[in-house]
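Structural overview
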Amino acid sequence: MTVKESTSENLFADVQGRHARREDTISTVAAGTLEAIEVSAWFSGNLVLEDVSLVMPASKVTALIGPSGCGKSTFLRILNRMHESTPGAQLGGEVLLDGEDIYARHQRVTEVRKRIGMVFQKPNPFPAMSIGENVVAGLALAHVKVSKERRGEIIETCLTRSGLWTEVKDRLATPGGALSGGQQQRLCIARALAVEPEILLMDEPCSALDPASTFVIEQTIQELSGEVTIVIVTHNMQQAARVSEQTAFFLAAQGEPGGIVESGSTAQIFDDPQDPRTADYVHGRFG
């Protein structure tokens, strides 16, 4: 056997092995499991995130913590393919949803984003739409048609799940933009839930809210956990400790790309961190 033939056979065996492992992974993961494998990100050729691997368990809340500029929000955007929409952005690695790569050629962006919803830092309801119209707006964008009766059911269910129904049930026809900041954020959560995502990504969802509104959003997150997988970026250490079961600490040295220093159960990260940098951050010695 020649060296070339041996190399070809080895490559073929490696491909078969990876396919077998992927099929085994798909058959064993719980629905709603999100996994990043050696994810790296570039903007215009500059490496900003390097070799991030993290499993975000199904129906649990995973908090991403770390100082500004360490790649948390970039990582979050990668998880539902928003990163690739930025000019000059590049990506390495894999993101698996239920064991399947969301960046595979056959995966349509619109379908991925139906399964992986996003709630942004600043509430962004559609101001010209009513509260009810805002909730079902995502269905139209996803080209999902529903009957008038089903539409009403979806509005009530999603507003209930987001903790807003009792406050707005008698004024569904009023503009969504007329709500308070905290109510608008819960309306955005309801809109994201309308397409029945498996994953809900949240990028600093409480940073622009008052303490009372933050408390209600945190209650909503805790009530949703168990139903959907939630990944939340937060600078609020107390919030991460309150709402999440798992935490990943991101950090970037000066002039270096960001990455995960340490991840594990939230109790372990806050009470018994293994890396001194993690201990310094969660105890407020920097950041």
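All residue numbers here refer to positions counted from 1 along the written sequence of the relevant chain. This being a predicted model, a pLDDT of at least 70 is required before a residue's local features are given, and a value of 80 or more before pairs of side-chain atoms are given or counted; all residues contribute to the totals for chains, interfaces and linings. The basis for the side-chain values is all heavy atoms of the structure; hydrogens and waters are excluded.

1. Concerning the environment of Gln 185
A helix here means a DSSP run of H or I that spans at least four residues, while a strand means a run of E at least two residues long, and both kinds are numbered starting from the N terminus. Residue position: Gln 185 is located in helix H7 (residues 181–193). For Gln 185, a relative accessible area of 0% corresponds to the buried category. Expressed as a C-alpha distance, the spacing of Gln 185 and Ile 217, which sit 32 residues apart in the sequence, is 8.1 Å. It only takes one pair of heavy atoms within 4.5 Å for two residues to be counted as in contact. Sequence-distant contacts of Gln 185, defined by excluding residues within four places in its chain, comprise Val 119, Phe 120, Gln 121, Pro 123, Pro 205, Leu 209 and Ile 217. Each residue gets one of three labels from its accessible area relative to the maximum for its type: buried under 20%, exposed over 50%, partly exposed in between, using a 1.4 Å probe on protein chains only.

2. Quick look at the nonpolar core
Residues belong to a common nonpolar core when they are buried Ala, Val, Leu, Ile, Met, Phe, Trp, Tyr or Cys residues joined through side-chain atoms within 4.5 Å. Core analysis: the largest hydrophobic core is formed by 43 residues, its most contacted members being Val 135, Leu 159, Ile 189, Leu 200, Met 202, Ile 221 and Ile 230. Sort the elements by how many residues they give to this core and H7 lands first, with 5 residues. With near-sequence residues (within four places) excluded, Met 202 lies in contact with Leu 76, Val 119, Ile 189, Ile 221, Ile 230, Val 231, Ile 232 and Val 233. If you look at the next biggest cluster of nonpolar residues, it comprises 27 residues, including Leu 76, Val 95, Leu 201 and Val 231.

3. Some words on the pattern of salt bridges
What makes a salt bridge here is a side-chain nitrogen of Lys or Arg within 4 Å of a carboxyl oxygen of Asp or Glu, nothing more. By the definition in use, this model includes 11 salt bridges. As a salt-bridge pair, Arg 81 and Glu 84 come within 2.5 Å of each other at their nearest N and O atoms. On the basis of relative accessibility, which here comes to 8%, the residue Arg 81 falls in the buried class. Among the residues examined, Glu 84 registers a relative accessible area of 39% and is labelled partly exposed.

4. Description of the environment of Gly 138
One can find Gly 138 in helix H4 (residues 131–141). For Gly 138 and Ala 190, which are 52 residues apart along the polypeptide, the C-alpha to C-alpha distance reads 9.8 Å. For Gly 138, the contacting residues outside a window of four places in its chain are Arg 191 and Val 195.

5. Observations concerning the packing of H4 against H7
Between H4 and H7, the least distance of the axes is 6 Å, while the angle of their chain directions is 40 degrees. Considering the angle they form, H4 stands oblique to H7. Here H4 runs over H7; the crossing is right-handed. Listed contacts from H7 to Ile 131, Asn 134, Val 135, Ala 137 and Gly 138 of H4 are Leu 187, Ala 190 and Arg 191. Working convention: axes come from line fits to C-alpha atoms, limited for helices to the stretch in contact. Angles between N-to-C directions cover 0 to 180 degrees. Roughly parallel means an angle under 35 degrees; roughly antiparallel, over 145; roughly perpendicular, 65 to 115; everything else is oblique. Definitions for this section: a left-handed crossing has its near helix turned counterclockwise from the far helix by less than a right angle. A right-handed crossing has that turn clockwise.

6. A short note on the sheet that holds strand S10 (residues 259–265)
Criterion used throughout: strands pair if DSSP finds at least two bridges between them. A sheet is described by the order of its strands in space; here 6 strands give the open sequence S6-S7-S8-S3-S9-S10, paired in mixed fashion. Two strands lie at the open edges of the sheet, namely strand S6 (116–119) and S10, each paired on one side alone. Going across the sheet, the axis of each strand differs from the next one's by a mean of 15 degrees, ignoring polarity. Pairing of strand S9 (residues 246–251) with S10 involves 6 bridges; the strand directions are antiparallel. If you follow Thr 247 over to S10, its bridge partner there is Gly 264.

7. A short note on the packing of aromatic side chains
Stacked, edge-to-face and tilted are the three classes for Phe, Tyr and Trp ring pairs, Trp counted by its six-membered ring, which pair at centre distances within 6.5 Å; planes under 30 degrees apart are stacked, over 60 edge-to-face, the rest tilted. The full count for this structure, using the stated rule, is 3 aromatic pairs. Relative to Phe 250, the ring of Phe 75 lies with its centre 5.6 Å away and its plane at 45 degrees, an arrangement referred to as tilted. Here Phe 75, found in helix H2 (residues 72–78), pairs with Phe 250, found in strand S9; they are 175 residues apart in sequence, far enough to count as distant. For Phe 75, a relative accessible area of 0% gives the class buried. Taking the centre distance of 5.1 Å and the plane angle of 25 degrees together, the rings of Phe 249 and Tyr 281 count as stacked. Linking Phe 249 in strand S9 with Tyr 281 in helix H11 (residues 276–282), this pair joins segments that are 32 residues apart in sequence. Phe 249 sits in the buried class, given a relative accessible area of 0%. Counting every residue linked through ring pairs, the aromatic cluster contains Phe 249, Tyr 281 and Phe 286. We call a charge positioned above a ring when the Lys NZ or Arg CZ atom is no farther than 6 Å from the ring centre and deviates by at most 35 degrees from the ring normal. Residue placement shows Arg 191 over the ring face of Phe 126; its charged tip is 4.7 Å from the ring centre.

Shape descriptors only; they carry no functional weight alone.
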